[in-house]
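Listed below are the residues making up each chain.
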Amino acid sequence: MQTNIIICGVGGQGIVLASKLIAAASMAKGLHVMSAETIGMAQKGGSVFSFLRVGDEAECPMFAEGSADLLIGFEPAEAVRMLPYLKKGGKAVVNTHPIMPVTASLKGTNYTGEEMLAYLKENVDELTTIDADALCREMGSPKVLNMIMLGEAVRSGALPLGIDEIDQAMRATVKPQFAELNSKALKGNH
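Residues numbered from 1 in each chain as written. Predicted model: local features only at pLDDT ≥ 70, side-chain atom pairs only at ≥ 80, totals over all residues. Heavy atoms only, no water.

*Asks:* It is not clear to me how the sheet that holds strand E1 (residues 2-10) should be interpreted in this structure. Could you clarify?
*Replies:* Adjacent strands of a sheet pair through backbone hydrogen bonds, lying either parallel or antiparallel. Spatial strand order, E2-E3-E1-E4-E5-E6: six strands in an open sheet with mixed pairing. Here the strands that pair on one side only, and so sit at the sheet edges, are strand E2 (33-38) and strand E6 (126-130). Going from strand to strand, the sheet's axes swing by 15 degrees on average, the running direction of each strand aside. Bridging between strand E4 (residues 68-73) and strand E5 (residues 86-95) involves five bridges; their strand directions are parallel. Bridge assignment links Leu70 to a residue of E5, and that residue is Lys91. Its contacts with the sheet put helix H6 (residues 145-156) on E4, E5 and E6, and the angle it makes with E5 is roughly 145 degrees. (Pairing = 2+ DSSP bridges. Helix = DSSP H or I, 4+ residues; strand = E, 2+ residues; numbered from the N terminus. Axes fitted to C-alpha atoms, helices over the stretch in contact; angles between N-to-C directions. Contact = heavy atoms within 4.5 Å.)

Okay, here's the thing in structure tokens:
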């Protein structure tokens, strides 16, 4: 069994850490995993995406369009940008909170994300949307966005991992003073 996952968003949202946690939890479970990140202009709020292949058949980290089992979109427009990779019947977990691209802000464009979410609703059969940014505000930290998104991805059933497996990988990775808050976000204890 192989699971192809794409995680996308903009720089600063914790996408690379989310990818590393899926990889670490998969390896700890004895699953073969390959990953590749495109970070690009992450420091400037540019597109960031990560491909992950979990399973024995993985020979390279990249996969063709139309073959992702799960798309985790930290930002609606980035989810739409990566949507061609999602296979028919694949699942998508998308944060509803938009982040205006630098190019749109320079042009004075009004980007609300609504049109992107409408497009996703029309084109993804198994779509879960969540206002993860609002949950971050409730928890008092924007840095738990990736844990909220990973928790939703686990609950969608498309990630071949459990909450406890990701929690263990997170605790082995983040500084101890941040572990409890991240664990609460992952488990949905907002």
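*Asks:* Got a minute to help me understand the packing of aromatic side chains in this structure?
*Replies:* Aromatic rings considered in pairs are described by the distance between their centres and by the relative angle of their planes. In total, this model carries four aromatic pairs according to the counting rule given. For the ring pair Phe49 and Phe51, a centre distance of 5.9 Å and an interplane angle of 75 degrees mean the geometry is edge-to-face. According to the relative accessible area criterion, Phe51 is buried, its value standing at 1%. Measuring from centroid to centroid gives 6.3 Å for Phe63 and Tyr85, while their planes differ by 85 degrees, and the two rings are edge-to-face. Of the two residues, Phe63 sits in the loop between strand E3 (47-55) and E4 while Tyr85 sits in the loop between helix H2 (76-82) and E5, which places them 22 residues apart along the sequence. Within the aromatic cluster, the residues linked to one another by ring pairs are Phe49, Phe51, Phe63 and Tyr85. (Phe/Tyr/Trp six-rings, centres within 6.5 Å; stacked < 30°, edge-to-face > 60°. Buried < 20%, exposed > 50% of the residue type's maximum accessible area, 1.4 Å probe, protein only.)

*Asks:* What should I look at first to understand the packing of helix H1 (residues 15-28) against helix H7 (residues 163-171) in this one?
*Replies:* A pair of packed helices can be characterised by two numbers: the angle between their axes and the separation between those axes. It is at 8 Å that the axes of H1 and H7 come closest, and there the two elements cross at 110 degrees. Judged by the angle between their axes, H1 and H7 are roughly perpendicular. You can see that H1 and H7 cross each other, and the crossing is right-handed. Contacts from Leu21, Ala24 and Ala25 in H1 reach Glu165, Ile166, Ala169 and Met170 in H7. Classifying every residue of the contact of H1 with H7 by side-chain character gives six nonpolar, no polar and one charged. (Parallel < 35°, antiparallel > 145°, perpendicular 65-115°, else oblique. Left-handed = near helix turned anticlockwise from the far one by under 90°. Nonpolar A, V, L, I, M, F, W, Y, C, P; charged D, E, K, R; others polar.)

*Asks:* Before we go on, may I ask you to explain the nonpolar core in this structure?
*Replies:* One finds Ile5, Ile7, Ile22, Ile72, Leu150 and Leu159 to be the most contacted residues of the largest nonpolar core, which totals 40 residues. Of all the secondary structure elements, the ones that give two or more residues to this core are E1, H1, E3, E4, helix H5 (132-139), H6, H7 and helix H8 (176-187). The biggest single contributor to this core is H6, with seven residues. The contact partners of Ile7, leaving out residues within four places of it in the chain, are Ile15, Ala18, Ser19, Ile22, Val48, Phe49, Ser50, Leu52, Ile72 and Phe74. (Core = buried A, V, L, I, M, F, W, Y, C linked by side-chain atoms within 4.5 Å.)

By themselves, these observations are geometric and do not establish any function.
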